[in-house]
Amino acid sequence: MKRQTGIWIDTSKAIIITLEAGNNEKIFEIESDVENPIYHDKEGDKGNFSGVHHGNNETKFENRKKEQMDFFIKEVLAYVKGADELFVFGPAEAKIRLEQKIHGEKLFTHKLKAVETADKMTLNEIVAKVKKFYIS
């Protein structure tokens, strides 16, 4: 049987579902260390009204966030390297970044079957979506 894997991903975590023989699934969760911009709104705004430091700190934050996201995506790909087929879904940015990284990695390009937008989901909804994708 092929190792069919579904990945629900956002900037806070990835939930990886691998379907195994006998209609069983293996579930693994990877927590992300990507910083949340809400906590950085006023970073660099302390006592300087010229805006120079604020812009510089925004750039630093964005660079740090990009590095953290790249590390997170590499962790996810390392976990699914044995998969035969990949189905990626989730809200907004993270799934797009994962898709771009998959296309950049020769090892994974032919394994990616679909990328879909999906909102926040419960674990049961994620498992059901992966099963429906591969069984249908």
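Everything that follows concerns the structure shown earlier in this document.
What counts and what doesn't
- The numbers attached to residues start from 1 for each chain and follow its sequence in the written order.
- With the structure being a predicted model, the display of local features is reserved for residues of pLDDT at least 70 and the display and counting of side-chain atom pairs for 80 or more, all residues being used for whole-chain, interface and lining totals.
- Working from all heavy atoms in the structure, the side-chain values ignore hydrogens and water.
- Put simply, DSSP marks the helices as runs of H or I at least four residues long and the strands as runs of E at least two long, and each gets a number from the N terminus on.
- Between buried and exposed lies partly exposed: a residue is buried under 20% and exposed over 50% of the maximum accessible area for its type, with that area taken using a 1.4 Å probe on protein chains only.
- We call two residues in contact whenever any of their non-hydrogen atoms come within 4.5 Å of each other.
- Where accessible areas are quoted, they stem from the Shrake-Rupley method and a 1.4 Å probe; at the residue level, only the protein chains shown are allowed to cover.
- Nine residue types can take part in a nonpolar core, namely buried Ala, Val, Leu, Ile, Met, Phe, Trp, Tyr and Cys, and a core is a set of them joined through side-chain atoms within 4.5 Å.
- Think of it this way: a Phe, Tyr or Trp ring, Trp meaning its six-membered ring, pairs with another when their centres are within 6.5 Å, and the plane angle makes it stacked under 30 degrees, edge-to-face over 60, tilted otherwise.
- Residues qualify for a patch when their relative accessible area is over 30% and they have no salt bridge, like charges being joined within 9 Å and the nonpolar side chains of Val, Leu, Ile, Met, Phe, Trp and Tyr within 5 Å.
- Salt bridge criterion: a side-chain nitrogen from Lys or Arg within 4 Å of a carboxyl oxygen from Asp or Glu.
- The charged-residue count follows a simple rule in which Lys and Arg add positive charge and Asp and Glu add negative charge, with His and chain termini not counted at all.
- Charge coordinates come from a single atom per side chain, which is NZ of Lys, CZ of Arg, CG of Asp or CD of Glu.
- Note: two strands are recorded as paired if DSSP finds a minimum of 2 bridges between them.
- Seen with the strands pointing away from the viewer, any crossover whose path from the first strand over the helix to the second strand runs clockwise is right-handed.
- Expected helix span is computed as 1.5 Å times (number of residues minus one).
- Directions from the helix axis toward the C-beta atoms define the arc.

Remarks on the overall build of the chain
- Scanning the chain for helices and strands turns up three helices and five strands.
- Taken from N to C terminus, the helices and strands of the chain fall in the order β-β-β-α-β-α-β-α.
- Out of the 136 residues belonging to the chain, those deemed buried represent 37%.
- Residue pairs in contact within the chain that sit at least 24 positions apart in sequence constitute 64% of those at least 6 positions apart.
- Split by element, the accessible area of the chain, about 8200 Å² in all, is 52% carbon and sulfur.

A short note on the nonpolar core
- Counting 20 residues, the largest nonpolar core has Ile-7, Ile-9, Phe-72, Val-76, Leu-86, Leu-98 and Ile-102 as its most contacted members.
- Every element with two or more residues in this core is listed here: strand 1 (4-9), strand 2 (13-20), helix 1 (52-79), strand 4 (85-90) and helix 2 (92-104).
- Broken down by element, this core gets its largest block of residues, five residues, from helix 1.
- Other than its neighbours up to four places away in sequence, Ile-7 contacts Ala-14, Ile-15, Ile-16, Val-76, Val-80, Leu-86, Phe-87, Val-88, Phe-89 and Leu-98.

Here we look at the packing of aromatic side chains
- Going through the model one piece at a time under the given rule, you end up with four aromatic pairs.
- Centre to centre, the rings of Phe-28 and Tyr-79 are 4.1 Å apart; their planes meet at 10 degrees, and the pair counts as stacked. You can see Phe-28 sitting in strand 3 (residues 24-31) and its partner Tyr-79 sitting in helix 1, a full 51 residues away along the chain.
- According to the relative accessible area criterion, Phe-28 is partly exposed, its value standing at 33%.

Overview of a negative patch on the surface
- Taken together, the side chains of Glu-29, Glu-31, Asp-33 and Glu-75 present a region of like negative charge at the surface.
- Along the chain, Glu-75 turns up in helix 1.
- Note on Glu-75: relative accessible area 33%, which makes it partly exposed.

Quick notes on the pairing of strand 5 (residues 112-117)
- Examined bridge by bridge, strand 4 and strand 5 share five bridges and lie parallel to one another. The partner of Phe-89 across the bridge, within strand 5, is Glu-116.
- At this point the chain moves from strand 4, through helix 2, to the parallel strand 5, and the crossover so formed is right-handed.

Description of the side chain of Gln-4
- Inspection of the secondary structure assignment puts Gln-4 in strand 1.
- Once you skip the residues sitting within four places of it in the chain, Gln-4 turns out to touch Ile-17, Thr-18, Leu-19, Glu-85 and Tyr-134.

Some details on helix 3 (residues 123-135)
- When the terminal C-alpha atoms of helix 3 are compared, their 18 Å separation across 13 residues agrees well with the 18 Å that a helix rising 1.5 Å per residue should span.
- Turning to helix 3, its buried residues number three or more, namely Ile-126, Val-127, Val-130 and Tyr-134. Buried positions in helix 3, seen along its axis, are confined to an arc of 95 degrees and lie on one side of it. Turned more than 90 degrees away from the buried face of helix 3, the exposed residues are Asn-124, Lys-132 and Ile-135.

A short note on the pattern of salt bridges
- Overall, the coordinates contain eight salt bridges when judged by the stated rule.
- Of the charged contacts in the structure, one is a salt bridge between Lys-66 and Asp-70, with a shortest N-O distance of 3.0 Å. Residue Lys-66 and its partner Asp-70 are located together in helix 1, separated by four residues, close to a single helical turn.
- According to the relative accessible area criterion, Lys-66 is partly exposed, its value standing at 45%.
- What emerges from the salt-bridge pattern is a single network uniting Lys-66, Asp-70, Glu-93 and Arg-97.

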